[in-house]
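Examining the three-dimensional arrangement
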Amino acid sequence: MHIPSDGFGGVSPERKAAQALTSLVTFAAAKAVLAQMSGSGRGALGAYNAEGYRALEYALENESLRDADAWLLKLTKANNLVGVRIAETRLAYASTDFEWDKLKELTLDQLQTGNETTMRTAAAETFGRSIEKQE
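Attention in this report is confined to the structure presented alongside it. (Residues numbered from 1 in each chain as written. Predicted model: local features only at pLDDT ≥ 70, side-chain atom pairs only at ≥ 80, totals over all residues. Heavy atoms only, no water.)

A look at the environment of T126
For clarity, the threshold we go by: Helical segments are the DSSP runs of H or I of at least four residues, strand segments are the runs of E of at least two, and each set is numbered from the N terminus. Exposure is judged per residue with a 1.4 Å probe applied to protein chains only, and the accessible area is read against the type maximum: over 50% gives exposed, under 20% gives buried, and values in between give partly exposed. Two N or O atoms form a polar contact when they lie within 3.5 Å of each other; inside protein one atom must be a possible hydrogen donor and the other a possible acceptor, and for residues adjacent in sequence the pair counts only when both atoms belong to side chains.
Its place among the elements puts T126 in helix α5 (residues 100-134). Of the residues examined, T126 reaches a relative accessible area of 45% and is grouped as partly exposed. Only 2.9 Å separates the side chain of T126 from the backbone oxygen of A122, close enough to count as a polar contact.

This is the structure:
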């Protein structure tokens with residue numbers, strides 16, 4: 001099936017999805033690293049690298065992850081070690097831990113459920129209107 005790319009800024013739907021997934025995987029990696037750095041769960045206070053923890057926390061709270069690579073570059077400039085760690089973690093997560101088959105299964109299930117719900121709702125509303133007109 002041919003999908004025109006003009007609705008996606010000149011890129012294919014798959015490329016657009018890859019961009020969104022890159023942001024998601026980067027966010028997941030950042031949260032994993034933040035949790036690891038927090039040590040005892042007391043945030044920067046208990047972190048073995050309090051400066052890195054604060055830099056990552058700031059980036060997560062104040063910088064847009066819409067462009068994950070730009071976000072990572074900005075973080076790396078603020079704290080090189082944390083930036084490298086996020087880069088390594090996001091690639092490792094996407095390569096070994098992310099359940100790509102589950103993503104496809106969940107997406108297809110969600111589409112099927114959404115289609116069924118939409119069609120049932122539309123049919124019920126149409127049927128309800130035709131009954132009202134007859135009365």
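Brief notes about the packing of aromatic side chains
Basically, it comes down to this: Between rings of Phe, Tyr and Trp, where Trp is taken as its six-membered ring, a pair exists when centres lie within 6.5 Å; planes separated by under 30 degrees are stacked, by over 60 edge-to-face, and by other angles tilted.
Applying the stated criterion across every chain, the model contains 2 aromatic pairs. Ring geometry for Y93 versus F98: centroids 5.7 Å apart, planes at 85 degrees, classification edge-to-face. Y93 sits in the partly exposed class, given a relative accessible area of 29%. Given a relative accessible area of 15%, F98 falls into the buried group. Ring geometry for F98 versus W100: centroids 4.5 Å apart, planes at 55 degrees, classification tilted. A connected cluster of aromatic rings, assembled from ring pairs, spans Y93, F98 and W100.

Concerning the pattern of salt bridges
Where charged atoms from two side chains of opposite charge come close, those side chains can pair. The following threshold applies: For this analysis, a salt bridge means a side-chain nitrogen from Lys or Arg found within 4 Å of a carboxyl oxygen belonging to Asp or Glu.
Using the criterion set out here, one finds 3 salt bridges in the structure. A salt bridge links D69 to R90; the nearest nitrogen and oxygen atoms lie 2.8 Å apart. Placement of the pair is D69 in helix α3 (residues 68-78) and R90 in helix α4 (residues 80-97), with a sequence separation of 21 residues. Exposure remark for D69: the relative accessible area of 46% places this residue in the partly exposed category. Judged by relative accessible area, which is 15%, R90 ranks as buried.

A few points about α4
Operational definition: Under the convention used throughout, the expected extent of a helix is 1.5 Å for every residue step, that is, one less than its residue count. The arc refers to the directions leading from the helix axis to the C-beta atoms. Contact criterion: two residues are considered in contact whenever any of their non-hydrogen atoms come within 4.5 Å of each other.
Counted at 1.5 Å a residue, the expected span for α4 with its 18 residues is 26 Å, and the 25 Å between its end C-alpha atoms agrees. Three or more residues of α4 are buried, namely V82, G83, I86 and R90. Around the axis of α4, the buried residues are gathered within 100 degrees of arc, so they sit on the same side. Along α4, the residues that are exposed and aim more than 90 degrees away from the buried face are L81, E88, L91, S95 and T96. Each element contacted by the buried residues of α4 is listed here: α1 (13-37), α2 (50-62) and α3.

Regarding a nonpolar patch on the surface
As a reminder, the rule being used: A patch consists of residues exposed above 30% relative accessible area that lack any salt bridge, with like charges linked at up to 9 Å and nonpolar side chains (Val, Leu, Ile, Met, Phe, Trp, Tyr) linked at up to 5 Å. Here the Shrake-Rupley method, with its probe set to 1.4 Å, supplies the accessible areas, and only the displayed protein chains count as covering residues.
A cluster of nonpolar residues, M1, I3 and F8, forms a patch on the protein surface that exposes about 360 Å² of accessible area. As for its placement among the helices and strands, F8 is situated in the segment before α1. On the basis of relative accessible area, F8 is assigned to the partly exposed category, the value being 31%.

Thoughts on the nonpolar core
A general trend in soluble globular proteins is that nonpolar side chains are found buried together. Spelled out, the test is: By nonpolar core is meant a set of buried Ala, Val, Leu, Ile, Met, Phe, Trp, Tyr and Cys residues that side-chain atoms within 4.5 Å join together.
Grouped together as the largest cluster of nonpolar side chains are 17 residues, with contacts concentrated most on L56, L60, W71, L75 and I86. Elements that contribute at least two residues to this core include exactly α1, α2, α3 and α4. Apart from residues lying up to four places away in sequence, W71 is in contact with T26, A30, L56, A59, L60, E63, S64, L65 and I86.

Some thoughts on the side chain of T26
As for its placement among the helices and strands, T26 is situated in helix α1. T26 sits in the buried class, given a relative accessible area of 0%. One polar contact links T26 to R90, side chain to side chain, over a distance of 2.8 Å. The residues touching T26, leaving out its near neighbours within four places in the chain, are L65, A68, W71, I86 and R90.

Read these as spatial facts, not as claims about activity.
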